[in-house]
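Observations on the model geometry
Read off the chains here:
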Amino acid sequence: MVRNVLTLRALRQVAATGVIVATMFGSTALAEPADIWTVGGGGIIEFEDGLQYQTGDGGPAVQATFVSPWGVAVGADGTIYVTDVNAHTVRMIRSDRSIDTLAGTTRGFSGDGGPAIGAQLWGPRAVVIDPAGGLIIADTENDRLRKLWPDGSITTIAGGYQQSPGSIGDGGPLREATMAKPYGLAFAPTGELYILEGGRLRRVDLSGTITTVAGGLYYSGGLDVDSYGNVYVAESHALWQFDLLNQKTLVAGRNNATGSVADGIAATDARLDGAGPITLAPNGDIYFADNTQGRIRRISGGVISTVAGGGDEAAATGCRSATRPRMQGAWGLDIAADGSIVISTGNLVRKIALGDLPCPSITPLNPTRILETRVADGQIGYSGPRPNPGQTVVLDAARTGSPVPDNATAVALNLTITGAVNDGYVTAWPCEATQPITSNVNVRAGQTAANAVLVTLGRSNTICLFDQAGGDLIVDVTGYIGVDVPYQALVPYRALETRTTEARWHYYGDKPVAGQTIRVPISGWGVGFNAVSAYASAVVLNVTATDATADGFVTVWSCEAPRPTASSLNVTAGGTVGHLVIAQLGEDPTNTFGISKEVCLFTQSGTHLVVDILGAFMPESTYVALAPDRVLETRAADGQIGYEGARPVAGQVVTIDVPGATGGAVPSTARAVAVNLTATNPGTPGYVTVWPCGADRPLSSSLNLAAGDTQSNAVIVGLGADGKICIFTQGGADLIADLNGFFA
């Protein structure tokens, strides 16, 4: 078993008080499991010479790939250490959910005395945090234990030593002991190291002397030690306890292929098949993998139950109830300080919540202003005169006073330019990257324009805003994406350009005409790893229509589905408008033959179209893309939806009951929704603000309107406690809202 022993001891000591355990696990130490989600793996799978290899070092762990993650150890600070048995490496998922390789290159043995990152391992199956510092690694196929020291170097601490015939080194120093395929490691609270190898359970005492505790153990890898020094070992059909006198007691199973697979029975009456890794909770509960049954199980008070797996769903994807899916075998398992269970399964590292830990999702915020360049309105995050044409404004998204944490991977913003000096645009991107040839907001001279932006954050958390038009900039943050959310944060890049005056992308021919549909390849298209994964379930786009021949609209959707009736953006003759669009992608997760998932763009009137890719949600994410659905229509002539009465008047607030309007397609527990909001026929110039009902109306705008104007904008807004969103119209206007998806 794999854990930070000093942390475990501290947890067990406070567990005895009956005070802190409830805080860690929710209302009770025996809290039922809630959800399961991925914390590592799921990125773009890469092959070389027909073999898969790991990717993603230096980036978010949920965008990385593992080959065969195996042993798992969780540190006091939440850092997760994972051995990859077929990549022959040891990797670290930091508490900020970035990932790096600590040890291993290719299969083999080399590197002792040097940097672990350059050493060779062969099939490492277990890792444990050494209370003295560093890690102990079971270098299984090299028949060795190796230590990764705090300075990053690696040495052999057992195995590879020539003993006399018939001797395995018992009674001598650990360094002189032989090792036969070590596969389980655990430290006792008092500091002794326990090892499973060669069908034996062995102990290394505080003097460094090694002895054999028991032999004849069937391979399992399940090993842990409780606060009293009792050792727990999993065999295929049984869990055993070895006490301080080395007496062996059956804890679970019948030591054969009989018994019941039911929950709620005595653990010793249960049938176990392929019992694997074990971890002990601070309150003494035992968690282990029952791999043939495809479950993670718990023994509490001698009674066995299922906490994950055992369901009817074919795969454990997405953030969902842990008992809904059937589960692949779990080869590593540990308990974290927050009370969650971390497992390795398939090619993923996943977390099982115990208690009220929430699924990682977008965190909606009541819109908060983090940039204001206008002197008259009180500058925020900026000082100086109005930005000039061509000026770049640097915004610290996580500065003091901002609601965005410094470990967020992306932020949802409403970006506004007002008093534009020239016709032009504004581009937002992470300052660590080169400025892309993309745009987020397009504006006419003297006018005001706004758009929603979902922008990647680099390590500095700074966003660069290139103000090509010149004009005052206003930024309101509406939410952020945390480190655990399976979101592929990309530097923006262009996927479609129909204009002949610009470098064209994925289009040939004349300007698109009224009624034309254009297909745009999405997955696999980009530069290196800055590309949408073939497995992405939704893509975040900025779609721009310019030089329209007539008033009309553009609809964006997955080419695998029928075209919906809702619009993604509305255009006016001769105008330019850009919108953030989150579009669902098709189901087929393959690019085996170079086939890319595509989105389709239908233009009602002739217009040039530009598409920029901002990011993508993976199937594991909590974003659920829906076919665009109109949930609000206040115009009587168009058939009112979700509203009755005359056009909303100045100062009126219109509410949308999102779960009710969608017939339950959006659950009441959803955290946020992606909405395309349009305001038309305004009574007077003014603005429109969207926010979660129940919160105070923020001093921000989602749309800005001139007299007789029609404007639309994409909005990511949290749901109020009752599942409602509120829309305030300052000058009075008809309102239309199309729902594109939600965040669970």
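Residues numbered from 1 in each chain as written. Predicted model: local features only at pLDDT ≥ 70, side-chain atom pairs only at ≥ 80, totals over all residues. Heavy atoms only, no water.

**A closer look at the overall build of the protein chain**
Rule in force here: Starting at the N terminus, helices and strands are each numbered in turn, a helix being any DSSP run of H or I of at least four residues and a strand any DSSP run of E of at least two. For every residue, the accessible area (1.4 Å probe, protein chains only) is compared with the maximum for its type, and the residue is labelled buried under 20%, exposed over 50%, or partly exposed between those bounds. The contact criterion used throughout is that any non-hydrogen atoms of two residues lie within 4.5 Å. Computed by Shrake-Rupley with a 1.4 Å probe, the accessible areas treat only the displayed protein chains as cover when residues are assessed.
Scanning the protein chain from terminus to terminus reveals three helices and 54 strands. The buried share of the protein chain, taken over its 744 residues, is 58%. The long-range fraction of contacts in the protein chain, counting pairs at least 24 apart against all pairs at least 6 apart in sequence, stands at 65%. When the accessible surface of the protein chain is split by element, carbon and sulfur atoms take 52% of a total near 26,900 Å².

**Digging into the sheet that holds strand β51 (residues 703–705)**
Within a sheet, each strand pairs with its neighbour through backbone hydrogen bonds, oriented either parallel or antiparallel. What counts, and what does not: At least two bridges found by DSSP between two strands are what make those strands a pair. An axis is simply a line fitted to the C-alpha atoms; with a helix, the fit covers only the stretch in contact. Between two such axes, the angle follows the N-to-C directions and lies from 0 to 180 degrees.
Spatially, the four strands line up as an open sheet ordered β48-β53-β50-β51, and their pairing is antiparallel. Looking at which strands have only one partner, the edges of the open sheet turn out to be β48 (652–657) and β51. Going across the sheet, the axis of each strand differs from the next one's by a mean of 20°, ignoring polarity. Summarising the sheet, β48 and strand β53 (residues 724–729) pair through six bridges and their orientation is antiparallel. Residue isoleucine 656 lies in a different strand from β53, and its bridge partner there is isoleucine 725.

**Things to note about the side chain of threonine 680**
To keep it simple, the criterion reads: Whenever two N or O atoms come within 3.5 Å, that pair is a polar contact, provided that in protein one can donate a hydrogen and the other can accept it, and provided that, for residues adjacent in sequence, both atoms are side-chain atoms.
Mapped onto the elements, threonine 680 comes out in strand β49 (residues 672–680). A relative accessible area of 7% places threonine 680 in the buried class. A polar atom in the side chain of threonine 680 sits 2.7 Å from the side chain of threonine 710. Apart from the residues within four sequence positions on either side, threonine 680 is in contact with Arg635, Asp709, Thr710, Ala733, Asp734 and Ile736.

**Notes on the state of the cysteines**
Note the following rule: By disulfide we mean two sulfur atoms from cysteines, separated by a distance within 2.5 Å.
Tallied over the full model, the rule gives three disulfides. A sulfur-sulfur distance of 2.2 Å marks the disulfide that ties cysteine 431 to cysteine 464. One quick way to see it: the torsion about the S-S bond of cysteine 431 and cysteine 464 is about 120°, and its sign makes the bridge right-handed. With a gap of 33 residues between them, cysteine 431 in the loop between β32 (424–430) and β33 (441–443) and cysteine 464 in strand β35 (residues 462–467) connect regions that are remote in the sequence. Paired through a disulfide, cysteine 693 and cysteine 726 show a sulfur-sulfur distance of 2.0 Å. Looking along the S-S bond of the cysteine 693-cysteine 726 disulfide, the torsion reads about 120°, which is the right-handed sense.

**Remarks on empty space enclosed by the protein**
Let me state the cut-off plainly: Whether a set of points on the 1 Å grid over the protein atoms alone is a cavity depends on a 1.4 Å probe fitting there but being unable to get out, while an open set qualifies as a pocket with protein on both sides within 12 Å along at least five of seven lines; lining residues are those with an atom within 4 Å of a point. Grid points are joined across faces, edges and corners, and a volume is the space filled by probe spheres set on the points. Residue polarity is assigned by list, with Asp, Glu, Lys and Arg as charged and Ala, Val, Leu, Ile, Met, Phe, Trp, Tyr, Cys and Pro as nonpolar; anything else, Gly included, falls into the polar class.
Summed over all chains, the structure comprises five cavities of 30 Å³ or more. For the largest cavity, the calculated volume is near 110 Å³. If you trace the largest cavity, you find 16 residues lining it, with Asn414, Thr478, Ser702, Val715 and Ile716 closest to the centre. For the lining of the largest cavity, the leading source of residues is strand β52 (residues 711–718), giving four residues. Residues belonging to the lining of the largest cavity are distributed by class as follows: 10 nonpolar, five polar and one charged.

**With respect to the environment of phenylalanine 242**
Looking at the element boundaries, phenylalanine 242 is found in strand β18 (residues 238–242). For phenylalanine 242, the contacting residues outside a window of four places in its chain are Leu201, Val213, Ala214, Leu217, Gly229, Asn230, Val231, Val233, Gln247 and Lys248.

**Quick word on the side chain of threonine 607**
Assignment of secondary structure puts threonine 607 in the loop between β45 (598–603) and β46 (608–617). Among the polar contacts listed, one links the side chain of threonine 607 to the backbone oxygen of threonine 546, at a separation of 2.9 Å. Contacts of threonine 607, omitting those with residues within four sequence positions, involve Lys511, Pro512, Ala545, Thr546, Asp547, Ala548 and Val554.

**Looking at the sheet that holds strand β29 (residues 362–372)**
Judged by pairing direction, the sheet is antiparallel, and its four strands sit side by side in the order β29-β36-β31-β34 without closing on themselves. Each having just a single partner strand, β29 and β34 (449–456) make up the two edges of the open sheet. When the angles between neighbouring strand axes are averaged without regard to direction, this sheet yields 20°. Here eight bridges tie strand β31 (residues 410–418) to β34, and the two strands are oriented antiparallel to one another. Paired with leucine 415 across the two strands is asparagine 451, which belongs to β34.

**Looking at the nonpolar core**
Our working rule: The set of buried Ala, Val, Leu, Ile, Met, Phe, Trp, Tyr and Cys residues whose side-chain atoms join them within 4.5 Å is what this entry labels a nonpolar core.
Counting 31 residues, the largest nonpolar core has Leu541 and Val599 as the members making the most contacts within it. The set of elements that each furnish at least two residues to this core consists of β37 (487–497), β38 (516–521), β41 (538–546), β42 (552–558), β43 (569–571), β44 (576–584), β45 and β46. Sequence-distant contacts of valine 599, defined by excluding residues within four places in its chain, comprise Ile518, Arg519, Val520, Ile522, Val539, Leu541, Val556, Trp557, Cys559, Ala583, Gln584 and Leu585.

**Things to note about the packing of aromatic side chains**
Each pair of aromatic rings is reported with the distance of its centres and the angle of its planes. Definition in use: The criterion for an aromatic pair is that two Phe, Tyr or Trp rings (for Trp, the six-membered ring) have centres within 6.5 Å, with stacked assigned to planes under 30 degrees apart, edge-to-face to planes over 60 apart and tilted to the rest.
Tallied over the full model, the rule gives five aromatic pairs. Between tyrosine 425 and phenylalanine 466 the ring centres are 6.2 Å apart and the planes differ by 55°, which places this aromatic pair in the tilted class. With tyrosine 425 in strand β32 and phenylalanine 466 in strand β35, this pair connects stretches of sequence that are 41 residues apart. Here tyrosine 425 falls in the partly exposed class, since its relative accessible area comes to 28%. When the centroid spacing of 6.2 Å and the interplanar angle of 45° are considered together, the rings of phenylalanine 553 and phenylalanine 602 count as tilted.

**Observations concerning the environment of lysine 724**
Among the secondary structure elements, lysine 724 is positioned in strand β53. Residues lysine 724 and tryptophan 691, spaced 33 residues apart in sequence, show a C-alpha to C-alpha distance of 9.2 Å. Once residues lying within four places of it in the same chain are set aside, the contact partners of lysine 724 are Ile656, Asp657, Pro692, Cys693 and Leu719.

**Here we look at the pattern of salt bridges**
Worth spelling out the cut-off: Salt bridge criterion: a side-chain nitrogen from Lys or Arg within 4 Å of a carboxyl oxygen from Asp or Glu.
On inspection of all chains with the given rule, the structure shows 28 salt bridges. Here arginine 295 and aspartate 263 are joined by a salt bridge, their closest N and O atoms 3.9 Å apart. Pair noted here: arginine 295 is in strand β23 (residues 295–300) and aspartate 263 is in the loop between β19 (248–253) and β20 (265–266), with a separation of 32 residues, a long-range link. By relative accessible area, which is 16% here, arginine 295 ends up buried. Salt-bridge contacts for aspartate 476 lead to arginine 369; the nearest nitrogen and oxygen are separated by 2.7 Å.

**Some details on the pairing of β19**
The pairing of β18 with β19 spans five bridges and is antiparallel. Each bridged residue has a counterpart across the sheet, and for glutamine 241 the counterpart in β19 is threonine 249. A loop of five residues connects β18 with β19, the two strands running antiparallel in sequence, and asparagine 246 in this loop sits at a positive phi of about 65°.

**Section: the confidence of the model for the protein chain**
Going by this rule: Values of pLDDT, which run from 0 to 100, indicate the predictor's confidence residue by residue.
Summarising the model, the protein chain shows a mean pLDDT of 85, and 89% of its residues fall at 70 or more. When the criterion is pLDDT under 50, residues 1–32 qualifies, and its contacts beyond four places in sequence or with other chains add up to 76 contacts. Predicted confidence is poor over residues 589–594, with pLDDT under 50, and the contacts of this stretch with residues over four places away or in other chains come to six contacts.

**Focus on the pairing of β49**
Side-chain positions along a regular strand alternate between the two faces of the sheet. Within β49, nine of the nine residues are buried, which leaves the element mostly enclosed by the surrounding structure. Along β49, one buried face is formed by Ala672, Ala674, Asn676, Thr678 and Thr680 and the opposite face, lined by Val673, Val675, Leu677 and Ala679, is buried too. Both β49 and β52 contribute to a ladder of eight bridges, which runs antiparallel. Paired with threonine 678 across the two strands is serine 712, which belongs to β52. Bridge count for β49 against strand β54 (residues 734–743) is nine bridges, and the pairing is antiparallel. The residue bridging alanine 672 from the neighbouring strand is phenylalanine 743, located in β54.

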